[in-house]
Amino acid sequence: MIPAIVLAAGMSTRMGRPKANLPLDPNRAPAEGGETFLTRIVRTLLEAGIDDVVVVVGHEAEAVAATFAGSGLPARFVENADYQAGQLSSLLAGLRVVDRPGVEATLMTLVDVPFFRVATVQAVVDRYRQTHAPIVRPTRGSEHGHPMLIDRSLFDAVRHADPQAGAKPIVRAHATREGDIEIDDAGAFADIDTPSDYEEGLKTL
């Protein structure tokens, strides 16, 4: 089993509102059935064959969960009360939910990266099945994208990671040529942080 963790707990300070609830069609509100960053990500993961998706919320958790509920998509929500401690705290909250017997690895992605394709998710999982690399991630030249796969053998290392440094040193230490997969998918590398990023991202849809 390979579940997925979507990190959606941050304060979205530069955006000014929760990224999870940002509509992909500004003319169609989520309450009217419009897609949001979070519903797009969850739908993509489900269509790629990932049948257990865990969303970690924190800042404005109730609003994010309520907006998502209207989608009818199956996902489990976990609230990270310590979300202000940083991204690692949310990853750990997700791991506590997904880690169970039979889990081989977990996919991890950020709500900031909503545009990756179904084929990208499948390519990451397929590469893992072929190589069992401890880290599998989309690459484009020197860039690294999402979703990223973390093998279960690294879960304990993540749990004991330095909160200040987060999981990045672990990812870098265990990244391999076999696990880095060149992906032709601009959405896997499109990190939406600001209103201008958002406007540019919508143009690609």
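Residues numbered from 1 in each chain as written. Predicted model: local features only at pLDDT ≥ 70, side-chain atom pairs only at ≥ 80, totals over all residues. Heavy atoms only, no water.

Asks: Can you explain the nonpolar core? Please cite residues and give values.
Replies: One finds F37, L38, L45, I50, L107 and L149 to be the most contacted residues of the largest nonpolar core, which totals 69 residues. Top element by residues in this core is helix α3 (residues 87-98). It accounts for six residues. If we ignore the near neighbours within four places in the chain, the residues touching L45 are A4, V6, I50, V53, L107, F116 and V121. (Core = buried A, V, L, I, M, F, W, Y, C linked by side-chain atoms within 4.5 Å. Buried < 20%, exposed > 50% of the residue type's maximum accessible area, 1.4 Å probe, protein only. Helix = DSSP H or I, 4+ residues; strand = E, 2+ residues; numbered from the N terminus. Contact = heavy atoms within 4.5 Å.)

Asks: Which residues make up the environment of A175, and what values do they have?
Replies: With respect to the helices, strands and loops of the structure, A175 is situated in the loop between α6 (168-174) and β8 (180-182). Overall, A175 belongs to the partly exposed group, its relative accessible area being 23%. Expressed as a C-alpha distance, the spacing of A175 and H160, which sit 15 residues apart in the sequence, is 18 Å. Those residues within four positions of A175 in sequence are excluded, and the remaining contacts are I135 and R137.

Asks: Outline the pairing of strand β5 (residues 135-140), supporting the account with residue identities and numerical values.
Replies: Where burial is concerned, most of β5 is hidden: five out of the six residues are buried. Bridge analysis of β5 against β8 gives three bridges, and the strand direction is parallel. Along β8, the bridge assignment pairs P138 with I181. Bridge analysis of β5 against strand β6 (residues 143-144) gives two bridges, and the strand direction is antiparallel. Paired with R140 across the strands is E143, a residue of β6. (Pairing = 2+ DSSP bridges.)

Asks: Could you give me a rundown of the confidence of the model for the protein chain, with the residues and numbers involved?
Replies: Looking at the protein chain, pLDDT values average 92 and 96% of them are 70 or higher. Here helix α7 (residues 195-203) stands out as the least confident element of the protein chain, with mean pLDDT 83; strand β7 (residues 148-151) is the most confident, with 98. (pLDDT = per-residue confidence, 0-100.)

Asks: Which residues make up the pattern of salt bridges, and what values go with them?
Replies: This structure, assessed with the given rule, holds 13 salt bridges. K19 is the salt-bridge partner of D112, the closest N and O atoms lying 2.5 Å from each other. Of this pair, D112 sits in the loop between β4 (105-110) and α4 (118-131) while K19 sits in the loop between β1 (4-8) and α1 (37-47), and the two are 93 residues apart along the sequence. Since its relative accessible area comes to 15%, D112 is described here as buried. With a closest N to O distance of 3.1 Å, D99 and R152 form a salt bridge. (Salt bridge = Lys/Arg side-chain N within 4 Å of Asp/Glu carboxyl O.)

Asks: Tell me about the side chain of T194, and please be specific about residues and values.
Replies: With respect to the helices, strands and loops of the structure, T194 is situated in the loop between β8 and α7. For T194, a relative accessible area of 18% gives the class buried. Beyond its immediate chain neighbours, meaning those up to four positions away, T194 contacts R14 and M15.

Asks: Can you break down the packing of α1 against α4 residue by residue, with the values?
Replies: Where α1 meets α4, the axes come as close as 8 Å, and the angle between the chain directions of the two elements is 55 degrees. When the axis of α1 is compared with that of α4, the two are oblique. For the pair α1 and α4, the crossing hand works out as right-handed. Facing T44, L45 and E47 of α1, the residues of α4 in contact are V118, V121 and Q122. Partitioned by chemical class, the residues of the contact of α1 with α4 number three nonpolar, two polar and one charged. (Axes fitted to C-alpha atoms, helices over the stretch in contact; angles between N-to-C directions. Parallel < 35°, antiparallel > 145°, perpendicular 65-115°, else oblique. Left-handed = near helix turned anticlockwise from the far one by under 90°. Nonpolar A, V, L, I, M, F, W, Y, C, P; charged D, E, K, R; others polar.)

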